[in-house]
Amino acid sequence: MRILATTGARYDKGMRDAAENAGFHAHVYFDAATREKAVGFREAIAGRFAVELGRWHEGPIGPHTSAMYQVAFSPEQFASIVPWMMLNRGVLRVLVHPMTGDEVADHTSNPLWLGEPLPLDLDFIRAHASRSVPCGKLP
Ligand code: ZN
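Rules used throughout
- Residues numbered from 1 in each chain as written.
- Predicted model: local features only at pLDDT ≥ 70, side-chain atom pairs only at ≥ 80, totals over all residues.
- Buried ≥ 20, exposed ≤ 12 C-beta atoms within 10 Å, placed from the backbone.
- Helix = DSSP H or I, 4+ residues; strand = E, 2+ residues; numbered from the N terminus.
- Pairing = 2+ DSSP bridges.
- Core = buried A, V, L, I, M, F, W, Y, C linked by C-beta atoms within 7 Å.
- Contact = placed C-beta atoms within 7 Å.
- Expected span 1.5 Å × (residues − 1).
- Arc of directions from axis to C-beta.

**What to know about the pairing of strand β1 (residues 24-29)**
Within a regular strand, side chains alternate between the sheet's two faces. Burial runs high along β1: six of the six residues are buried. Of the two faces of β1, the one carrying Phe24, Ala26 and Val28 and the one carrying His25, His27 and Tyr29 are both buried. Across six bridges, β1 lies against strand β4 (residues 93-98) in antiparallel orientation. Considered in β4, the bridge of Tyr29 is made with Arg93.

In structure tokens form, the structure reads like this:
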């Protein structure tokens, strides 16, 4: 495989710098059938990583169309927590998205999904994007 030189601007016009990202959210989705798995997953995360764990949302909230809780972590933690989630999420679906300040892009073109993606309420994100409501200020 040939690797292109990246020293010039020829190949990276319009690309964003990863330093624009302030951190990540992982949204861990669950339902009645997977709630106990979500409990165990959360406890394991809390025991291993110095992350911010959001409250339990037992139903859809904001742009999230399923019950979920949020895990917030820094760019420096990504390489340890995301691979761990890949190996241990089991049946849980997890949305990992950056926080670049562009809420719409962070939830549409920028995220990665562990497991089958769930639909998001993009209208909610668009309506509230300027106020940073979708994730960072969920009640
Ligand atoms: Zn989020």
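**Here we look at the pairing of β4**
Pairing geometry for β4 and strand β5 (residues 112-114), over three bridges, is antiparallel. Looking at β5, one finds that Val96 is bridged to Leu112.

**Some remarks on the nonpolar core**
Grouped together as the largest cluster of nonpolar side chains are 17 residues, with contacts concentrated most on Ala26, Val28, Phe30 and Leu92. Excluding its chain neighbours within four sequence positions, the residues that come into contact with Leu92 are Val28, Tyr29, Phe30, Thr34, Lys37, Ala38, Phe41 and Gly115.

**Quick notes on the sheet that holds β5**
Taken together, the five strands give an open sheet; going across it, the order is β2-β3-β1-β4-β5, and neighbouring strands pair in antiparallel fashion. Where the open sheet ends on each side, the last strands, each with one partner, are β2 (52-53) and β5. Examined bridge by bridge, β2 and strand β3 (residues 68-73) share two bridges and lie antiparallel to one another. Opposite Glu52, over in β3, you have Ala72 as the bridge partner.

**Quick look at helix α1 (residues 35-48)**
Its 14 residues place the ends of α1 20 Å apart at the C-alpha level, agreeing with the 20 Å of an ideal helix rising 1.5 Å per residue. Every buried residue of α1 is listed here: Ala38, Phe41 and Ile45. All buried residues of α1 project into a common sector of 65 degrees when viewed along the axis, lining one side. Those residues of α1 that are exposed and aimed more than 90 degrees away from the buried face are Glu36, Glu43, Ala46 and Gly47.

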